[in-house]
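Architecture and fold: a report
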Amino acid sequence: MAGSVPLAKTKASAGRSPVTRSSGPMKWVLIGLAVLVLLWLIVLPLAVVLIESLKKGFGVYMEAITDPAALSALRLTLLVAVITVPLNTIFGVAAAWAITKFHFRGKQLLVTLIDLPFAVSPVIGGLIYVLVYGTHGWFGPWLQEHDLKVIFALPGIILATLFVTFPFVARELIPLMEDQGLQEEEAAVTLGARGFRIFWKVTLPNIKWGLLYGIILCNARAMGEFGAVSVVSGHIRGETNTLPLHVEILYNEYQFSASFAVASLLLLLALVTLLLKSWFTRKSRHES
């Protein structure tokens, strides 16, 4: 028929908004600005870390990362992550499940408390534990009487890390579980399933990729935390220094190459985290 528009062309035009049909230079300006910001804020600092870490040769680099103090900091960083991430995973899943699947008094208060570490400075978070468990804190005298040490020891570092990282798993799961609704759980109840069987057979398979994503974010923050851990650690070299604290000490001692070499270990851990995050994101999109 005269004046008719080909079907393929009509569909192609319908699938594009006026913005995407625009051929003006604004698109390239925005892309260029984004690339410049990424280069300036991310790529350039990472390149500086790698260049400075190898500035004095590979031998100096290996000496810095195999130093007993650096290895002790690495072991402590991994130990803290191994302890805090599972605990926060259990808490995050339980909190998200309770908030999204049940009605109870104090639900909004629980959500607010979960968000508290996002609103409070990590340094303040560490100071809270000093005021509670320190020598002159609320429980300080009792801890001294029983020869228990929290501040300037591993328990204090774990508590501070738990505080700053516990929102990540819960905050990743709550919107996902709210979006999924209650239909599948209610169907399972009508079929006779109860309690944890519903969670293992229905809820968990639906949230597995979001859960893994939250765990990765929690782990990344646990390994890279500086402020809260700095307050409660005491900066005891070879005992209570994590990798970020060890980098600070080396830099303050003007051992620049060594500090950048140890920082490159954190960079490597961050890159592994990003690769895992990207892989989980692709898997979740593939299954959705």
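About the cut-offs
- Residues numbered from 1 in each chain as written.
- Predicted model: local features only at pLDDT ≥ 70, side-chain atom pairs only at ≥ 80, totals over all residues.
- Heavy atoms only, no water.
- Helix = DSSP H or I, 4+ residues; strand = E, 2+ residues; numbered from the N terminus.
- Buried < 20%, exposed > 50% of the residue type's maximum accessible area, 1.4 Å probe, protein only.
- Polar contact = N/O pair within 3.5 Å; in protein donor to acceptor, adjacent residues only side chain to side chain.
- Contact = heavy atoms within 4.5 Å.
- Phe/Tyr/Trp six-rings, centres within 6.5 Å; stacked < 30°, edge-to-face > 60°.
- Core = buried A, V, L, I, M, F, W, Y, C linked by side-chain atoms within 4.5 Å.

The next thing to look at is the side chain of Thr 84. The residue Thr 84 is located in helix α5 (residues 68–101) in this model. When its relative accessible area of 0% is taken as the criterion, Thr 84 is described as buried. Polar side-chain contacts of Thr 84 include one of 2.8 Å to the backbone oxygen of Val 80. Among all residues touching Thr 84, those that are not within four sequence positions of it are Ile 158, Thr 161, Leu 162 and Ala 222.

What follows concerns the environment of Glu 52. Locating Glu 52 in the fold gives a position in helix α3 (residues 26–53). What makes Glu 52 partly exposed here is its relative accessible area of 22%. For the pair Glu 52 and Ser 264, spaced 212 residues apart in sequence, the C-alpha to C-alpha distance is 9.6 Å. Among residues more than four places away in sequence, those in contact with Glu 52 are Ser 257 and Phe 260.

Per the stated rule, a full pass over the model turns up twelve aromatic pairs. Aromatic pair Phe 91 and Phe 166: ring centres 5.3 Å apart, planes at 80 degrees, arrangement edge-to-face. Residue Phe 91 is found in helix α5, and its partner Phe 166 is found in the loop between α9 (154–165) and α10 (167–180); the two are separated by 75 residues along the sequence. Seen from their ring centres, Trp 97 and Phe 199 are 4.9 Å apart, and the 40 degrees between their planes marks the pair as tilted. Of this pair, Trp 97 sits in helix α5 while Phe 199 is found in helix α12 (residues 195–224), placing the two residues 102 residues apart along the sequence. One exposure class covers both Trp 97 and Phe 199, and it is buried. Among the aromatic residues, those joined into a ring-pair cluster are Trp 97, Phe 102, Phe 199 and Trp 200.

Bringing the nonpolar core into the picture now. Grouped together as the largest cluster of nonpolar side chains are 20 residues, with contacts concentrated most on Ile 114, Leu 173, Met 177 and Leu 211. Broken down by secondary-structure element, the contributors of at least two residues to this core are α5, α6 (107–119), α10 and α12. Look past the residues within four positions of Ile 114 in its chain and what remains in contact with it is Phe 91, Ala 95, Ile 99, Phe 166, Pro 167, Ala 170, Arg 171 and Ile 174.

Another point: the side chain of Lys 101. Relative to the assigned elements, Lys 101 resides in helix α5. Owing to a relative accessible area of 12%, Lys 101 belongs among the buried residues under this scheme. Within the structure, the side chain of Lys 101 is placed 2.8 Å from the backbone oxygen of Gly 181, a separation counted as a polar contact. Apart from residues no more than four positions distant in its own chain, Lys 101 is found in contact with Met 177, Gly 181, Leu 182 and Glu 185.

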